[in-house]
Amino acid sequence: MAGHSKWANIKRQKAVVDAKKGSIFTQLSRAIIVAARNGIPDPAGNFQLRTAIDKAKAAGIPNDNIDRAIAKGAGTFSDNSILEEIRYEGYGPGGVAILIEALTDNRNRTAADLRVSFSKNGGNLGETGCVSWMFSQKGVCVTENVINEEQLLEASLEGNADSYEMIDNETAEVFTQVTNLEKLSQVLKAKGFKVVDVEIRQIPGNKVEVTNIEQARSLFKLIDTLEGLDDVQSVTSNLEIADNLMVLSMT
């Protein structure tokens, strides 16, 4: 069940920096809209919405903005924009697969922005289905206070987790089926673990190893550019890179 995730550790550190970007407010607000639209607009009975609100509050989004986003999702507040959930797929330098989840009120604008981002950074936007078959959707609990890995294993099994990966000495990502995510989160908390993030993520089934530093830098620049677009909610790749090369490529 166990594993180790170097890329996840870098992504968590990077997320702290990314949270300072203005686009994070737009992305988190839109996540609330989607969660409220896909379920009931009450966080007490909608785990996805409750999770989205927690992330928004952690990022410092005002309560008025959160309430407005919930109202938009519930259809009780209208600004004449209709948001669509769209998945885009493409390839980065070295044939690395990239999967993008977007939320937009203008798919032509979004596709054009993505196409430019890919072309300027050595990649290309592909057709629907070109890389999505490489990924599977999983629920993920990012868990801190992991002092004893055996206790984490026991809690993961009790919560019907599929696997876990240690990010550092006291932090782990625990994976499960999407429908089991809320139960797993509750079990981990009940066992004394600090659950700092709960999300639905696309997990690659196979990885592409990058060994060239310039190629790695191009990939990181492409991913940063994509994540900086207002319409983009998440970017997932099947990039695999050695620790020393990762550090060098991000300097």
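Because the structure is a prediction, the values reported are computed rather than measured.

Draft legend 1. Local environment of helix α3 (residues 47–58). Over its twelve residues, α3 runs 17 Å from end to end, which matches the ideal 16 Å to within 8%, given 1.5 Å per residue. Among the residues making up α3, those that are buried are Phe47, Leu49, Thr51, Ala52, Ile53 and Ala56. Where α3 terminates, the next one or two residues include Gly60, which has phi positive at roughly 90°.

Draft legend 2. Just the nonpolar core, in detail. Within the largest apolar cluster, 17 residues are counted, with the highest numbers of intra-cluster contacts made by Ile32, Leu49, Ile53, Ala56, Ile66 and Ile70. If you tally residues by element for this core, the top one is helix α2 (residues 23–38), at seven residues. For Ile70, the residues in contact, after removing those within four places along its chain, are Ile32, Ala36, Pro41, Leu49 and Ile53. With 16 residues, the next largest nonpolar core counts Ala161, Tyr164, Leu188 and Phe193 among its residues.

Draft legend 3. Here's a closer look at the sheet that holds strand β9 (residues 232–237). An order of β3-β1-β2-β9 is seen for the four strands of this open sheet, with the pairing classed as antiparallel. The open sheet terminates on both sides in strands that have one partner only, identified here as β3 (124–125) and β9. The pairing of strand β1 (residues 84–91) with strand β2 (residues 97–104) spans eight bridges and is antiparallel. Within β2, the residue paired with Gly90 across the bridge is Ile98. Docked against the sheet, helix α5 (residues 107–120) engages β1, β2, β3 and β9, running at close to 20° with respect to β1. In the packing of helix α8 (residues 213–227) onto the sheet, the strands contacted are β2 and β9, and the crossing angle to β9 comes to about 160°.

Draft legend 4. Just the packing of α5 against α8, in detail. At a closest axis distance of 9 Å, the pairing of α5 and α8 adopts a crossing angle of 165°. Viewed along their axes, α5 and α8 adopt a mutual orientation that is roughly antiparallel. As α5 packs across α8, the resulting crossing turns out to be right-handed. Contacts from Leu114, Ser117 and Phe118 of α5 reach α8 at Leu222, Thr225 and Leu226. Taken together, the residues of the contact of α5 with α8 sort by class into four nonpolar, two polar and no charged.

Draft legend 5. Examining unusual backbone geometry more closely. In this model, Asn145 sits at a positive phi of 65°, which is unusual for a non-glycine residue. The class for Asn145 is partly exposed, based on a relative accessible area of 39%. Positive phi, normally seen in glycine, also occurs at Asn160, with a value near 60°. Positionally, Asn160 belongs in the loop between α6 (149–158) and β5 (163–168).

Draft legend 6. Highlighting the sheet that holds β5. Taking strand neighbours across the sheet as the criterion, the four strands line up as β5-β6-β4-β7 in an open arrangement whose pairing is antiparallel. In this open sheet, the two strands that pair with only one neighbour each are β5 and β7 (194–204). The sheet shows a mean angle of 25° between the axes of neighbouring strands, direction not considered. Sheet topology note: the β5/strand β6 (residues 171–176) ladder contains five bridges and is antiparallel. Looking at the pairing, Met166 lines up with Ala172 of β6. The strands touched by α6 are β5 and β6; relative to β5, the strand with the most contacts, the crossing angle is about 145°.

Draft legend 7. Layout of the environment of Asp113. Along the polypeptide, Asp113 turns up in helix α5. For Asp113, a relative accessible area of 32% translates into the label partly exposed.

Draft legend 8. Examining the pattern of salt bridges more closely. Enumeration over the complete set of coordinates arrives at 15 salt bridges. The partner of Glu240 in a salt bridge is Lys207, with the nearest N and O atoms 3.4 Å apart. Taken together, the residues span a long stretch of sequence, with Glu240 in strand β10 (residues 239–241) and Lys207 in the loop between β7 and β8 (208–210) at a distance of 33 residues. Here Lys207 falls in the partly exposed class, since its relative accessible area comes to 49%. When salt bridges with common partners are traced through the structure, they connect Lys55, Glu173, Asp197, Glu199 and Arg201 into a single cluster.

Each value, and the rule that gives it
Residues numbered from 1 in each chain as written. Predicted model: local features only at pLDDT ≥ 70, side-chain atom pairs only at ≥ 80, totals over all residues. Heavy atoms only, no water. Helix = DSSP H or I, 4+ residues; strand = E, 2+ residues; numbered from the N terminus. Expected span 1.5 Å × (residues − 1). Buried < 20%, exposed > 50% of the residue type's maximum accessible area, 1.4 Å probe, protein only. Core = buried A, V, L, I, M, F, W, Y, C linked by side-chain atoms within 4.5 Å. Contact = heavy atoms within 4.5 Å. Pairing = 2+ DSSP bridges. Axes fitted to C-alpha atoms, helices over the stretch in contact; angles between N-to-C directions. Parallel < 35°, antiparallel > 145°, perpendicular 65-115°, else oblique. Left-handed = near helix turned anticlockwise from the far one by under 90°. Nonpolar A, V, L, I, M, F, W, Y, C, P; charged D, E, K, R; others polar. Salt bridge = Lys/Arg side-chain N within 4 Å of Asp/Glu carboxyl O.

Functional significance is not addressed by these values, which are geometric in nature.
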